[in-house]
Amino acid sequence: WRLIVLAQKEEDLISTDIVYRLSPPLELKDTSWIKPGKVAWDWWNASNLFGVDFKSGINTDTYKFYIDFASKYGIEYVILDEGWSDPSDLFRVNPEINLEELVRYGQQKNVGLILWCVWLTLDRQMDRALDYFQRIGVKGIKVDFMNRDDQKMVNFYRRCAAAAARRKLVVNFHGAHKPVGLRRAFPNILTKEGVLGLEYSKWSAQVTPEHDLLIPFIRMLAGPMDYTPGAMRNAQQKQFRAIFDLPMSQGTRCHQLAMYVVYESPLQMLCDSPSAYLKEPEVMEFLADVPTVWDETLVLEARIGDYVVVARKNGKRWFLGAITDWTARQLELKLDFLERGKLWLADIWQDGPNAARYAADYQYRRIKVASGENLKISLAPGGGAVIRFSPEK
């Protein structure tokens with residue numbers, strides 16, 4: 001299909017599901033094995049571990065540390081990105097890595113492994129490689145560098161998704177064009193890149209808070225996007241530097257946290273180093289708990305390129321995310337979406353009083369609220385806030 005989306009209000013653009021509705025129907029008989037979740041990711045943070053008794057890098061000890069971190073916080077997956085094998089041969093494994101031992105170690109810790117690959121290499125070795133991945137217990141693949149949408153490549157997406165599904169492997173299409181609805185036919189496609197995401201901050205200044213406030217109204221209309229949030233090194237505009245092996249984000253710490261609610265992705269990355277997260281127990285209390293799939297979505301306020309406030313429900317709880325551009329804002333949030341007749345515990349992570357100078361400054365607090373109340377939140381330049389609402393027992 002080709003389609004145009006028209007909406008009377010800006011927030012209605014984010015709520016639309018027209019692409020999914022126009023998509024081809026489900027082709028899998030069994031979807032019970034498909035598991036969404038969060039991913040500890042090595043490539044963005046350049047495997048920068050610290051406070052450990054081994055040399056970090058693309059090696060077995062490093063990935064065991066990632067698995068231990070994921071297990072501690074109930075994170076479902078760890079990705080082995082570029083470097084675990086020869087990019088041109090999936091069977092030429094880096095000698096510093098014992099792949100089958102890592103798979104077994106992850107299984108013991110209830111953490112699945114996802115393996116990165118170049119699409120052309122996978123296409124040439126598909127049946128043999130996917131059979132091997134299934135046999136040793138790998139849970140998914142991250143396929144990269146397609147970078148086009150001609151007929152041959154679109155056919156590859158379908159062929160790859162179907163082949164992976166036959167082996168009960170989830171798929172993340174990186175280096176990909178925008179979603180076109182194939183995930184309805186093959187829901188093992190958990191997410192797609194097809195967006196100028198946080199990885200660009202490693203080599204450019206393009207990923208600004210203004211950019212972050214455009215893509216929910218543009219790219220996200222097409223479906224889940226693998227933006228890869230979670231940076232723990234945060235910078236205001238004049239402080240930002242693109243450093244490939246020690247990257248940072250533009251905007252505040254809570255701007256990053258709020259993306260886990262604002263941005264839709266059933267497979268959601270934790271892009272930074274486990275060592276950085278382990279220093280931040282209050283941040284990890286949120287990141288370990290935030291869902292990646294939702295039962296209901298409400299866009300409370302929105303202005304394209306300026307700010308957005310999204311509330312999403314999972315089970316009995318609501319999560320609210322708010323992000324702004326380089327303009328500081330005072331938001332008064334109406335809590336009418338909460339069920340009436342009960343009190344709610346609101347866990348709030350918001351920009352700290354000095355976040356306009358030190359972007360990593362944040363505050364955590366817990367209060368009780370009720371439906372119908374208004375809640376005031378202050379957002380720093382490039383700022384954000386995230387709130388978890390739980391019904392009081």
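Quick look at the structure, then. Predicted model only: the values in this text are computed from it and were never measured. (Residues numbered from 1 in each chain as written. Predicted model: local features only at pLDDT ≥ 70, side-chain atom pairs only at ≥ 80, totals over all residues. Heavy atoms only, no water.)

### So, the overall build of the protein
Move 1: On a plain count of helices and strands, the protein comes out with 11 helices and 19 strands.
Move 2: Counting only residues that meet the buried cut, the protein has 58% of its 393 residues in that class.
Move 3: Considering only residue pairs separated by 6 or more positions, the protein has 73% of its internal contacts joining residues 24 or more positions apart.
Move 4: Summed over all atoms, the accessible surface of the protein reaches about 16900 Å², with 48% contributed by carbon and sulfur.
Move 5: Separation of charge centres in the protein, based on 51 positive and 49 negative side chains, amounts to 3 Å. (Helix = DSSP H or I, 4+ residues; strand = E, 2+ residues; numbered from the N terminus. Buried < 20%, exposed > 50% of the residue type's maximum accessible area, 1.4 Å probe, protein only. Contact = heavy atoms within 4.5 Å. Areas by Shrake-Rupley, 256 points an atom, 1.4 Å probe, with all protein chains shown as cover. Lys, Arg positive; Asp, Glu negative; His and termini not counted. Charge placed at Lys NZ, Arg CZ, Asp CG, Glu CD.)

### Remarks on the pattern of salt bridges
Move 1: Scanning all chains against the criterion turns up 21 salt bridges.
Move 2: A salt bridge links D131 to R167, with the shortest nitrogen-to-oxygen separation between them at 2.9 Å. Note that D131 is positioned in helix α5 (residues 119-136) and R167 in the loop between α6 (151-166) and β7 (170-173), a separation of 36 residues in sequence.
Move 3: Classification of D131 by relative accessible area gives partly exposed; the value is 37%.
Move 4: Connected via shared salt-bridge partners are E285, D289, R317, D347, R366 and R388. (Salt bridge = Lys/Arg side-chain N within 4 Å of Asp/Glu carboxyl O.)

### Brief notes about the side chain of Q236
Move 1: By the element assignment, Q236 lies in the loop between β9 (234-235) and β10 (249-250).
Move 2: Leaving out residues up to four positions away in the same chain, Q236 has contacts with T252, W326, A355, A356, R357, A359 and P381.

### Comments concerning the sheet that holds strand β6 (residues 140-144)
Move 1: The seven strands are arranged β8-β7-β6-β5-β2-β1-β11 in an open sheet whose pairing can be described as parallel. Strands with a single pairing partner mark the edges of an open sheet, and in this sheet they are β8 (189-192) and β11 (267-270). Here the average twist between neighbouring strands, direction ignored, is 25°.
Move 2: Strand direction decides the pairing type here: strand β2 (residues 77-80) and strand β5 (residues 112-118), joined by four bridges, are parallel. For I79, the partnering residue across the bridge sits in β5 and is I114. (Pairing = 2+ DSSP bridges. Axes fitted to C-alpha atoms, helices over the stretch in contact; angles between N-to-C directions.)

### A closer look at the nonpolar core
Move 1: Grouped together as the largest cluster of nonpolar side chains are 108 residues, with contacts concentrated most on F133 and V143.
Move 2: Per element, the largest residue contribution to this core is nine residues, and it comes from α6.
Move 3: Membership of the second largest hydrophobic core comes to 20 residues, among which are A322, L331, L335 and I387. (Core = buried A, V, L, I, M, F, W, Y, C linked by side-chain atoms within 4.5 Å.)

### Topic: the packing of aromatic side chains
Move 1: This structure, assessed with the given rule, holds 22 aromatic pairs.
Move 2: Taking the centre distance of 6.2 Å and the plane angle of 65° together, the rings of W84 and F133 count as edge-to-face. Here F133 lies in helix α5 and W84 lies in the loop between β2 and β3 (85-86), a separation of 49 residues in the sequence. Across the pair, F133 and W84 agree in class, each one buried.
Move 3: Taking 5.2 Å as the distance between ring centres and 50° as the angle between the ring planes, the aromatic pair formed by F286 and W349 counts as tilted. With F286 in helix α11 (residues 281-287) and W349 in strand β16 (residues 343-351), this pair connects stretches of sequence that are 63 residues apart. Comparing F286 with W349, the two get one shared label, buried.
Move 4: Each member of the aromatic cluster is reached from another via a ring pair, and the members are W41, W43, Y200, W203 and F244. (Phe/Tyr/Trp six-rings, centres within 6.5 Å; stacked < 30°, edge-to-face > 60°.)

Geometry only, nothing functional implied.
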